[in-house]
Amino acid sequence: MATDLHRGADCAAIPAPISRTALDALHAKLSAVEGGWLGGGGGVGESEQLGDGCEGKTNPSGVHRGAIDDYCRLLRRICDGIDGGGKARRQTPLVNAGYAARVAVVTFVLERWIKTIATHVKPNGAINVVVLGCGMDVLGIWTKHLLQQKAKDAAHRVKVYEFDAWDNCMLKRRALLNAGLLKESISHETDGSVSTNAEGPFRAILRGCIALDAEHPGNQSEDDYFLSALDLRCTTDDGHQSILTEAMQNLGLDFSRPTIVLSELVLAYLGLDGANATLRSIADVFLGSNEHSMFVCFEPVFPCECEANEPSGEQRNNTSGIMSVEESYARDYGRQFLEKLQRGNSKQAGSGDTVGDSLTWFHPLGSNLRTVERRLEQCGFALFDLVCTSLGVAAANVTGVRRSSGMPCFLRAKEPFDEHAALALKLNCYGVVCVFAGRSVPETNMEWMDNICPWSSENKGARLVHIHHISSSKEDMQVRDIYGKIYAHLYEEYPAIRKVVKSALEFDLCSNDSKDGNSSAIRNRFQEKGGEFWVAADPTDDSKVAGCIGVKLRKKRETAGESEETASSTIVEYEIQRLAVDDDCRGKGVGRRLLRVAEKFALRREATRKAEGTSVQVKLWTVTPQCLVAANKLYESAGYAKEGTFQAGTLVMIRSCKSYHI
């Protein structure tokens, strides 16, 4: 039986400024399309051919760019379905560029996920696409087109579940039907299961079959589209989860099927409690039910009004008290964002309330990317399955992929544009989060994650590096060679470094006991200590080792729960060792990717060993000479907190730690 819904003050009517953003976003996206930012000459024509390398559906190299063009055409069709649509309101070049980046990233992730599922997962029921705060966008409808283009097996099917405020749903219903994009299976006038009443946290609005064109008229026997009004600010009676789970159960969604949940500028409008409840529902139910499921969200990331006087971590470490340009812009942008919403709210309510009084329901996902990660972890997401970056970084990576695939003018202005610095700062005020189901990412090569999120490796060069377990005496010798020479420049100033390297080569990295060339003595030694060892292949020569890293189990201790209701807990500690990158490959992100592989190994190992009803804390330690400035900066930027220093002979050693809860 469904849990009773909590219907407190938080479930009041959704503020008008939120509802209006849906139509505004549609017009802004169309304006970006008309401005040529997505690589075409507007992208909405029916049969343009590539002329100068920037328009149409085909290009000289034969690359088919129809997916993006079809998305743009669907946007125009749904706009036309809203009382004739009319001409989209033209935005400023800066606004066009920002919306183009947003569209570029979200469509890229969705397209790559659909392609991966269609190619590698055997059809056994429908693929689920859940869009929260769907607005007037066509992402859900577009997935059917993608599946038809990508799937090798016609048995693949998609079911689209979209949710938004009641006003937006009613407007979208009219637009879809007027545009001929849906064949309705429930009569809105006669069937009581479709409500014209805006009261209540959940109302079914529309269901039917997606009808893309004459070839796919939507005449299948089973519905594949469901549109519902849902107030995600409402929670179950215990306040722990959103009513999203119950809504999906009522609609018959099969959680065991591959599911992608898309949230585009939604969580920030739910209030802190509503957003956290929604995140917990996604982490517990959607990602926990199928190994190929995924959660994607695009949300504002900047200090909210209540944090305006709170110093950030960067400020606390900055003794001068001067904010960076990026932080200052983010704070100003956040205030302007709220003031814009406030103006719309005041017009609606006829009041002059302050931003803090009337917009308590607005809360960014975090003040920066680190706070976003911490919040997601608190809501039940595993950080080792999470990729979090700024919209600027994600858009840059997507642009590189698109342009190298035959779309040379993708995210390149066709209109006069000279606000590049402002655009870069603006894009950094938004975060892109992709979370994968735990078992979907291979331990070492992580093709699944890197294919869908090419920015998961911060550096383009790092993505070309193949990381694998060290496996031969030849690789043992190359590791010894790299480790023996990378610190040579420090020997004269720090003689003790020579002793540290010599000790490592005599013990951990010794290869004398290797009995055959097809096994690694180094790996055997690390495995004996409950760990593992990897090498990174040089991107220009797979037979050459570009870097290495190892991890060892330090200790493991268990604590019993104080009562039957209190879960027992385990603390497991690992140590990162022998991280080294060849001089020719430095500055390309290889070290960071090696570090991520070692972290994932420890976390996945403990996750698979974790007993039901228990909690596990995994601590990853590093011990590094203070004089190795670059290494210590890498660990700090990767989230390792300095725990202290100690003296080892003449060397000052820094001990750092990074903790995860499973």
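## Concerning the overall build of the protein
Stage number 1. The secondary structure content of the protein amounts to 20 helices and 16 strands.
Stage number 2. The buried share among the 662 residues of the protein stands at 56%.
Stage number 3. In the protein, the proportion of contacts linking residues at least 24 apart, taken out of those at least 6 apart, comes to 74%.
Stage number 4. If you sum the accessible surface of the protein, you get close to 28900 Å²; carbon and sulfur atoms cover 48% of it.

## Examining the packing of aromatic side chains
Stage number 1. For the structure on display, the rule yields 10 aromatic pairs.
Stage number 2. Note on Y161 and F226: the rings are 4.8 Å apart at their centroids and 5° apart in plane angle, and the pair reads as stacked. On the criterion of sequence distance, the pair formed by Y161 in strand 2 (residues 157-164) and F226 in strand 5 (residues 225-230) is long-range, its members being 65 residues apart.
Stage number 3. Its relative accessible area of 1% is what places Y161 among the buried residues.
Stage number 4. Since its relative accessible area comes to 3%, F226 is described here as buried.
Stage number 5. An angle of 15° between the planes, with centres 5.8 Å apart, marks the rings of F295 and F381 as stacked. Here F295 is found in strand 7 (residues 294-300), whereas its partner F381 is found in the loop between helix 11 (369-378) and strand 8 (386-390), with 86 residues between them in sequence.
Stage number 6. Taking the ring centre of F526 as reference, the NZ or CZ of K552 above it sits at 4.8 Å.

## Thoughts on helix 12 (residues 391-404)
Stage number 1. Here helix 12 contains 14 residues, and its C-alpha end-to-end distance of 20 Å stays within 8% of the 20 Å for a straight helix at 1.5 Å per residue.
Stage number 2. Of the positions making up helix 12, those classed as buried are L391, G392, A394, A395, N397, V398, T399, V401 and R402.
Stage number 3. Taken from the residues just after helix 12, G406 is the one with a positive phi, measuring 100°.

## Details of the sheet that holds strand 2
Stage number 1. One open sheet accounts for 9 strands, arranged 3-4-5-2-1-6-7-9-8; its pairing is mixed. Since the sheet does not close on itself, it has two edges, and those belong to strand 3 (182-184) and strand 8, each with one partner. On average, adjacent strands in this sheet sit at an angle of 20° to one another, irrespective of strand direction.
Stage number 2. Both strand 3 and strand 4 (residues 202-210) contribute to a ladder of 3 bridges, which runs antiparallel. Bridging from a neighbouring strand, L182 pairs with I210 of strand 4.
Stage number 3. Strands strand 2, strand 3, strand 4 and strand 5 of the sheet are contacted by helix 5 (residues 166-179), whose axis makes an angle of about 155° with strand 5.

## Observations concerning the confidence of the model for the protein
Stage number 1. Across the protein, the average pLDDT comes to 79, with 75% of residues at 70 or higher.
Stage number 2. Least confident of the elements in the protein is helix 10 (residues 355-358), whose mean pLDDT is 41; most confident is helix 18 (residues 521-528), at 95.
Stage number 3. Here residues 187-198 is a poorly scored stretch, pLDDT under 50, and it has 21 contacts once near neighbours within four places are set aside; other chains count.
Stage number 4. Note on residues 306-320: pLDDT under 50 across the span, and 15 contacts to partners over four residues away in sequence or across chains.

## Concerning unusual backbone geometry
Stage number 1. Residue L265 is not a glycine yet carries a positive backbone phi of 55°.
Stage number 2. One can find L265 in the loop between strand 6 (259-264) and helix 7 (271-286).
Stage number 3. Its relative accessible area of 17% is what places L265 among the buried residues.
Stage number 4. In this model, L411 sits at a positive phi of 55°, which is unusual for a non-glycine residue.
Stage number 5. Take L411: it is sitting in the loop between helix 12 and helix 13 (420-427).

## Comments concerning the pairing of strand 4
Stage number 1. Sheet topology note: the strand 4/strand 5 ladder contains 6 bridges and is antiparallel. Its bridge partner being in strand 5, R203 is matched across the sheet by A229.

## Some words on the nonpolar core
Stage number 1. L38, W113, Y225, M294, C434, F436 and W455 are the most contacted members of the largest nonpolar core, which has 97 residues in total.
Stage number 2. Residue contributions to this core peak at 16 residues, all from helix 3 (residues 93-120).
Stage number 3. Excluding anything up to four places from it in sequence, M294 contacts V109, W113, T259, I260, V261, L287, C434, V435, F436, I452 and C453.
Stage number 4. Core analysis: the second largest hydrophobic core is formed by 69 residues, F286, L365, F381 and L634 among them.

## As for the pattern of salt bridges
Any two side chains of opposite charge can pair, so long as their charged atoms come close to each other.
Stage number 1. The tally for this structure, following the rule as stated, stands at 24 salt bridges.
Stage number 2. A salt bridge links D508 to K552, with the shortest nitrogen-to-oxygen separation between them at 2.8 Å. Taken together, the residues span a long stretch of sequence, with D508 in the loop between helix 17 (495-506) and helix 18 and K552 in strand 12 (residues 541-559) at a distance of 44 residues. Grouping residues by exposure puts D508 and K552 together as buried.
Stage number 3. E575 is the partner of R554 in a salt bridge, and the nearest nitrogen-oxygen pair spans 3.9 Å. Highlighted residues: R554 in strand 12 and E575 in strand 13 (residues 569-581), separated in sequence by 21 residues.
Stage number 4. The class of R554 is partly exposed, set by a relative accessible area of 39%.
Stage number 5. Overall, the relative accessible area of 16% leaves E575 in the buried class.
Stage number 6. Residues joined in a network through salt bridges with shared partners are K29, R102, D137 and E264.

## Side note on the pairing of strand 9 (residues 430-436)
Stage number 1. Most of strand 9 is tucked away: 7 of the 7 residues are buried.
Stage number 2. Because side chains alternate across strand 9, one face comprises the buried residues Y430, V432, C434 and F436, and the other comprises G431, V433 and V435, equally buried.
Stage number 3. Where strand 7 meets strand 9, 7 bridges bridge the pair, whose relative direction is antiparallel. Note on strand 9: the bridge partner recorded for C297 is V433.
Stage number 4. Bridge count between strand 8 and strand 9: 5 bridges; the pairing is antiparallel. By the bridge assignment, L386 is partnered in strand 9 with V435.

## Some remarks on the environment of A537
Stage number 1. Positionally, A537 belongs in strand 11 (residues 532-538).
Stage number 2. Residue class for A537 comes out buried when judged on its relative accessible area of 4%.
Stage number 3. Placed 71 residues apart in sequence, A537 and H466 show a C-alpha to C-alpha distance of 5.4 Å.
Stage number 4. Excluding residues that lie within four positions of it along the chain, A537 makes contacts with V465, H466, H468, D542, K544 and A546.

Reading guide: rules and limits
- Residues numbered from 1 in each chain as written.
- Predicted model: local features only at pLDDT ≥ 70, side-chain atom pairs only at ≥ 80, totals over all residues.
- Heavy atoms only, no water.
- Helix = DSSP H or I, 4+ residues; strand = E, 2+ residues; numbered from the N terminus.
- Buried < 20%, exposed > 50% of the residue type's maximum accessible area, 1.4 Å probe, protein only.
- Contact = heavy atoms within 4.5 Å.
- Areas by Shrake-Rupley, 256 points an atom, 1.4 Å probe, with all protein chains shown as cover.
- Phe/Tyr/Trp six-rings, centres within 6.5 Å; stacked < 30°, edge-to-face > 60°.
- Lys NZ or Arg CZ within 6 Å of the ring centre and 35° of its normal.
- Expected span 1.5 Å × (residues − 1).
- Pairing = 2+ DSSP bridges.
- Axes fitted to C-alpha atoms, helices over the stretch in contact; angles between N-to-C directions.
- pLDDT = per-residue confidence, 0-100.
- Core = buried A, V, L, I, M, F, W, Y, C linked by side-chain atoms within 4.5 Å.
- Salt bridge = Lys/Arg side-chain N within 4 Å of Asp/Glu carboxyl O.

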